[in-house]
Amino acid sequence: MPVLALVGGQWGDEGKGKVIDSLAANADMVVRYAGGDNAGHTTVNPHGTFRLHLIPSGIFYSNVCCVIGNGVVVNPAVLLREISELREHGVTTDNLVVSDRAHLIMPYHILLDRLEEERRGQGAIGTTQRGIGPAFVDKVARTGLRVGDLLDATIFRRRLENAMEQKNALLTSLYGHPAISVDEIFDQYMGFLEQMHPHIVDTLPLIHNAMQRGDRIMLEGAQGALLDTDFGTYPFVTSSSPLAGAATLGSGIGPTHIERVIGVFKAYATRVGSGPMPTELNDDMGDFIREKAREYGATTGRPRRCGWFDAIAGRFSVRINGMTEVALTHLDIFDGFESIKICTGYRIGGTFTTEFPTRIETVEQCEPVYEEMPGWDECTEEVSEYSKLPLNARKYVDTISSLLGCRVSLVSMGPKREQMIEVRP
Ligand code: IMO
Ligand code: MG
């Protein structure tokens, strides 16, 4: 696998952290390429249980170089907290580098994220309030501060003053919020520098040299395709692209080098925050899945909305990512289910479609059309070979493969690293 991208296929929380943590055993480098600490990647391995928001899930292997790529927005406070938590558990972070091109999340981004959500009222997006949207706005508005700016206090100060003149005008006039102090933020960020310094580098020579050596590189996505700014349920989306295409931009690896794109999907669907979700179950079944799978946000603790697998949204996601394979996670949640449904089309008014619509107003009207399949009684958590899975579980996996138009190559049951099996073609 010279370069492999691993992306979320649904609305995030598909189990990307676990899959990366398993596959990184055979990698030399893992690069996070998008999002920020809105992500919550859970891994359960011999070091303990971790919820990583920024640091790549390859960090548990000391020989794997972990890169926070230029496409990520970095909150230094979160980064340093994560580093110290890992160290407390005996996990080294000497193998962690942060791109000097990555943008910084500033305190005013977090404040603006909250104030803007309040201003949206009923139309709130349900963001993670980590300042992600405002930080990406500043990046494209060319008023952002980058990790590398921290290395020169004079430049950092000048850019900070320039940005904050505008932010304070916005805070006071639009939101009626008191202005915030440049000095305080300056001091705080200079304080972060001391601990961050050893990790800050131009990551491109590192990545390009690794490629030249033929090192095995994994690109770790955050969020999921249906939260993409262009293709997701806009405006209920995130502010960077979770897609495999963005993996090239967020790492500095050209598109011709990506050989495999693994899309991670849960065996059912979840969504956290607002926005349409055609297969959402507002009934006992939805509650049952949530409780059995403990579907509560790793970043915000919010209960996740649960529903059946949506193969229409899924196939759309396969296509816009150019997925070559699918990893299907949480299959064990269906152990003991009498029957399982898969959405194979939408009825919209009097019409039927198998295409994922553009406008949220149309997605909201979609009534899912289901195919029902028989479940299985057996516990699959300890199964270590695909052929040993119950026949109906294999049929479920095969049906998903054919509806998505993409081979399922990995199936995962349970949270632990080793609870993952290969599906041979
Ligand atoms: P991982 O990497 C699930 C959702 C938020 C909200 C919307 C916009 O763990 O899969 P933002 O804070 O990004 O501006 O919020 O996107 N969201 C996620 N949902 N998993 C994530 O990441 C998410 N990152 C953002 O809940 O609906
Ligand atoms: Mg998450």
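Undergrad: Please explain the nonpolar core as it appears in this structure.
TA: Looking at soluble globular proteins, one finds that nonpolar side chains tend to be buried together. Core analysis: the biggest nonpolar cluster contains 56 residues, and Leu219, Leu331, Tyr396 and Val411 have the highest contact counts within it. If one sorts the elements of this core by residue count, helix H12 (residues 391-404) sits on top with five residues. Formed jointly, this core draws a minimum of three residues from each of two domains, domain 1 (3-99 + 199-261) and domain 3 (265-422). Residues within four places of Leu219 in sequence aside, it is in contact with Val3, Leu4, Ala5, Leu6, Val31, Tyr33, Ala247, Ser251, Ile253 and Ile258.

Undergrad: What am I meant to see in the pairing of strand E1 (residues 3-8) here?
TA: Here is the key point about a regular strand: its side chains alternate between the two faces of the sheet. Counting buried positions over the six residues of E1 gives six, a clear majority of the element. What you see with E1 is no split at all: Val3, Ala5 and Val7 on one side and Leu4, Leu6 and Gly8 on the other are buried throughout. Of the strand pairs in this sheet, E1 and strand E10 (residues 217-220) are connected by four bridges, and their pairing is parallel. Bridge assignment links Ala5 to a residue of E10, and that residue is Leu219. Looking at chain direction, E1 and strand E11 (residues 260-266) are connected through five bridges and run parallel. In the sheet register, Gly8 faces E11, and the bridge partner there is Val264.

Undergrad: Just to check I follow, could you spell out the site of ligand 1 for this structure?
TA: The environment of ligand 1 is made up of 20 residues, and the closest members are Asp13, Lys16, His41, Thr128 and Thr238. In the environment of ligand 1, an oxygen atom lies 2.9 Å from a nitrogen or oxygen atom belonging to the side chain of Asn38. Within the contact set of ligand 1, an oxygen atom lies 2.6 Å away from a side-chain nitrogen or oxygen of Thr128. Residue composition of the shell around ligand 1, grouped by class: seven nonpolar, ten polar and three charged.

Undergrad: I'm lost on empty space enclosed by the protein in this one. Help?
TA: Empty pockets left among the atoms are what a rolling probe the size of a water molecule brings to light. In total, this model carries one cavity of 30 Å³ or more according to the counting rule given. In this structure, the largest cavity occupies an estimated 40 Å³ of space. The set of elements that each furnish at least two residues to the lining of the largest cavity consists of strand E14 (309-310) and helix H10 (311-321). Across the lining of the largest cavity, the residue classes tally to six nonpolar, two polar and one charged. Shared between two domains, the lining of the largest cavity takes at least three residues from each, and those domains are domain 1 (3-99 + 199-261) and domain 3 (265-422).

Undergrad: Would you explain the packing of helix H2 (residues 76-88) against helix H6 (residues 182-196) in this entry?
TA: Any two packed helices are characterised by the angle at which their axes cross and by the distance between the axes. One can describe the packing of H2 onto H6 by two numbers: an axis separation of 10 Å at closest approach and a directional angle of 35°. Crossing of H2 over H6 shows left-handed handedness. Between H2, through Pro76, Ala77, Leu79 and Leu80, and H6, the contact on the second element is made entirely by Tyr189, Phe192, Gln195 and Met196.

Undergrad: What is the right way to read the side chain of Asn321 from this model?
TA: Looking at where Asn321 falls in the secondary structure, it is placed in helix H10. Asn321 has contacts with Val7, Gly8, Ala225, Leu243, Ala244 and Val261, leaving out every residue within four places of it along the chain.

Undergrad: In this structure, what is going on with the pairing of E10? I would like to understand it.
TA: Where burial is concerned, the two faces of E10 agree: the one with Ile217 and Leu219 and the one with Met218 and Glu220 are both buried. Summarising the sheet, strand E2 (residues 29-32) and E10 pair through four bridges and their orientation is parallel. Counterpart to Met29 in the pairing with E10 is Ile217.

Undergrad: Which parts of the structure should I look at to understand the state of the cysteines?
TA: Put plainly, two cysteines are in a disulfide when a covalent bond ties their sulfur atoms together. On inspection of all chains with the given rule, the structure shows zero disulfides. Unpaired in terms of disulfides, Cys366 finds its nearest cysteine sulfur in Cys343, a separation of 8.2 Å. With a relative accessible area of 7%, Cys366 lands in the buried category. Sulfur of Cys379: no disulfide; nearest cysteine sulfur belongs to Cys306 and is 20 Å away.

Undergrad: I would appreciate a short explanation of the pattern of salt bridges in the present structure.
TA: Close approach of charged atoms allows side chains with opposite charge to pair. On inspection of all chains with the given rule, the structure shows 23 salt bridges. Put simply, Arg120 and Glu117 hold a salt bridge, and the shortest N to O gap is 2.6 Å. In this pair, Arg120 and Glu117 both sit in helix H3 (residues 107-120), three residues apart, roughly one turn of the helix. Judged by its relative accessible area of 32%, Arg120 is partly exposed.

Undergrad: Where do I start with the packing of aromatic side chains in this structure?
TA: Each aromatic ring pair is summarised here by two numbers: the centre-to-centre distance and the angle between the ring planes. Inspection of every chain in the model, using the stated rule, returns 15 aromatic pairs. Geometrically, the ring pair formed by Trp376 and Tyr396 is tilted, given 6.4 Å between the ring centres and 50° between the ring planes. Of this pair, Trp376 sits in the loop between strand E18 (367-374) and H12 while Tyr396 sits in helix H12, and the two are 20 residues apart along the sequence. Look at Trp376 and you get buried, because its relative accessible area is 3%. Feature note: the residues Tyr268, Phe288, Trp308, Phe334, Phe337, Trp376 and Tyr396 constitute an aromatic cluster, connected by ring pairs. Lying over the aromatic face of Phe186, Arg157 brings its terminal NZ or CZ to 5.0 Å of the ring centre.

Thresholds applied
- Residues numbered from 1 in each chain as written.
- Chains lettered and ligands numbered in written order.
- Predicted model: local features only at pLDDT ≥ 70, side-chain atom pairs only at ≥ 80, totals over all residues.
- Heavy atoms only, no water.
- Core = buried A, V, L, I, M, F, W, Y, C linked by side-chain atoms within 4.5 Å.
- Buried < 20%, exposed > 50% of the residue type's maximum accessible area, 1.4 Å probe, protein only.
- Helix = DSSP H or I, 4+ residues; strand = E, 2+ residues; numbered from the N terminus.
- Domains from an automatic or database assignment.
- Contact = heavy atoms within 4.5 Å.
- Pairing = 2+ DSSP bridges.
- Near = heavy atom within 4 Å.
- Polar contact = N/O pair within 3.5 Å; in protein donor to acceptor, adjacent residues only side chain to side chain.
- Nonpolar A, V, L, I, M, F, W, Y, C, P; charged D, E, K, R; others polar.
- 1 Å grid on protein atoms, 1.4 Å probe; cavity = no way out; pocket = protein on both sides within 12 Å on 5 of 7 lines; lining within 4 Å.
- Points joined across faces, edges and corners; volume = space filled by probe spheres on them.
- Axes fitted to C-alpha atoms, helices over the stretch in contact; angles between N-to-C directions.
- Left-handed = near helix turned anticlockwise from the far one by under 90°.
- Disulfide = S-S within 2.5 Å.
- Salt bridge = Lys/Arg side-chain N within 4 Å of Asp/Glu carboxyl O.
- Phe/Tyr/Trp six-rings, centres within 6.5 Å; stacked < 30°, edge-to-face > 60°.
- Lys NZ or Arg CZ within 6 Å of the ring centre and 35° of its normal.

Structural measurements only, silent on function.
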